[in-house]
Amino acid sequence: MEDDWHVFFGYHATNLCWRAAGLSTIVDHRLQTFSDAKSIILDIYNKEDKKDAGRFALVLESLWKNSNNIVWNNNREDLWGWCLRDNMGRFTIAGVAWDNDILSPLEAEALALKEAIHSVLTMNLNNVIFESDSQVVIHGINSTVTGRSELNALIISIQRLLSSVTNFKVKFITLSSN
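Peer 1: Please set out the pattern of salt bridges residue by residue, giving values where relevant.
Peer 2: Counting across every chain of the model gives five salt bridges. Residue Lys171 is joined to Glu131 by a salt bridge in which the shortest nitrogen-to-oxygen separation is 3.8 Å. You can see Lys171 sitting in strand β4 (residues 168-172) and its partner Glu131 sitting in strand β3 (residues 128-132), a full 40 residues away along the chain. Among the residues examined, Lys171 registers a relative accessible area of 39% and is labelled partly exposed. Glu131 gets classed as partly exposed once you look at its relative accessible area, which sits at 45%. Sharing partners across several salt bridges, the network here consists of Arg30, Asp43, Lys47 and Glu48.

And the structure:
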């Protein structure tokens, strides 16, 4: 039976969302302390700063909306996210988005990377290294091979974005480093 605990904290995919949003540090230890979702949510709202609590609320809403959409409309939305760290590895900002299209995991990885690049360009940042745990996506971006898939269209759009700046790089990292 799916309940609020499972929707927000019980699936591997939801845990990846918390990590992508830079919130796993405030969520993970509470999973060991509390036995119900309501207690975790209230504890975060009461004890965390407004910025973290606000980001938490946005991800929570996205997870809830996605779950309801599956149950009531038999329609899945894909959720993806990214986070930005400074040169010391400290969390700076995160982005989370969703799409009504059903994406493959590779397409979701590529779309998250594209959104991160757009955001960094908007913030006028430079000397940025984008990291992804998708070796296929990174290889595609660093390759000149083309194709006709949706993934390839995303990779081409990322390559075009990256070609407009000289100080951005993309590299593969293992999931455990992410």
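Peer 1: Break down the packing of helix α6 (residues 105-122) against helix α8 (residues 150-163) for me, with residues and values.
Peer 2: Across the interface, α6 lies against α8 with an axial gap of 9 Å and an inter-helix angle of 20°. Comparing the axis directions of α6 and α8 gives the class roughly parallel. Crossing geometry of α6 relative to α8 is assigned as left-handed. The segment α6 lies against α8, with Leu106, Glu107, Ala110, Leu111, Leu113, Lys114, Ile117, His118 and Leu121 engaging Glu150, Leu151, Leu154, Ser157, Ile158, Leu161 and Leu162. Looking at the contact of α6 with α8 residue by residue, the class counts come to eleven nonpolar, two polar and three charged.

Peer 1: Describe unusual backbone geometry, and please don't skip the residues or the numbers.
Peer 2: Of note, Asn124 is a non-glycine position whose phi angle comes to about 55°, a positive value. If you trace the backbone, Asn124 turns up in the loop between α6 and β3. Its identity is not glycine, yet Asn127 carries a phi of approximately 50°, on the positive side. Looking at where Asn127 falls in the secondary structure, it is placed in the loop between α6 and β3.

Quick notes on the rules
- Starting from 1, residues in each chain are numbered consecutively following that chain's sequence as written.
- With pLDDT at 70 or above as the cut-off, local features in this predicted model cover only qualifying residues; side-chain atom pairs require 80 or more to be listed or tallied, and sums for whole chains, interfaces and linings still use all residues.
- In computing side-chain values, all of the structure's heavy atoms are included and hydrogens and water are not.
- Throughout this description, the term salt bridge denotes a Lys or Arg side-chain nitrogen within 4 Å of a carboxyl oxygen of Asp or Glu.
- Only DSSP runs of H or I with at least four residues qualify as helices, and only runs of E with at least two residues qualify as strands; both kinds are numbered from the N terminus onward.
- Burial status follows relative accessibility: with a 1.4 Å probe on protein chains alone, a residue under 20% of its type maximum counts as buried, one over 50% as exposed, and anything between as partly exposed.
- To define axes, lines are fitted to C-alpha atoms, for helices over the stretch in contact only, and angles between the resulting N-to-C directions are given on a 0 to 180 degree scale.
- Any angle that falls under 35 degrees is termed roughly parallel, while one over 145 is termed roughly antiparallel, one within 65 to 115 roughly perpendicular, and all others oblique.
- What makes a crossing left-handed is the near helix being turned counterclockwise from the far one by less than a right angle; a clockwise turn instead makes it right-handed.
- For this analysis, residues touch if any pair of their heavy atoms sits within 4.5 Å.
- Amino acid classes used here: Ala, Val, Leu, Ile, Met, Phe, Trp, Tyr, Cys and Pro are nonpolar; Asp, Glu, Lys and Arg are charged; the rest, including Gly, are polar.

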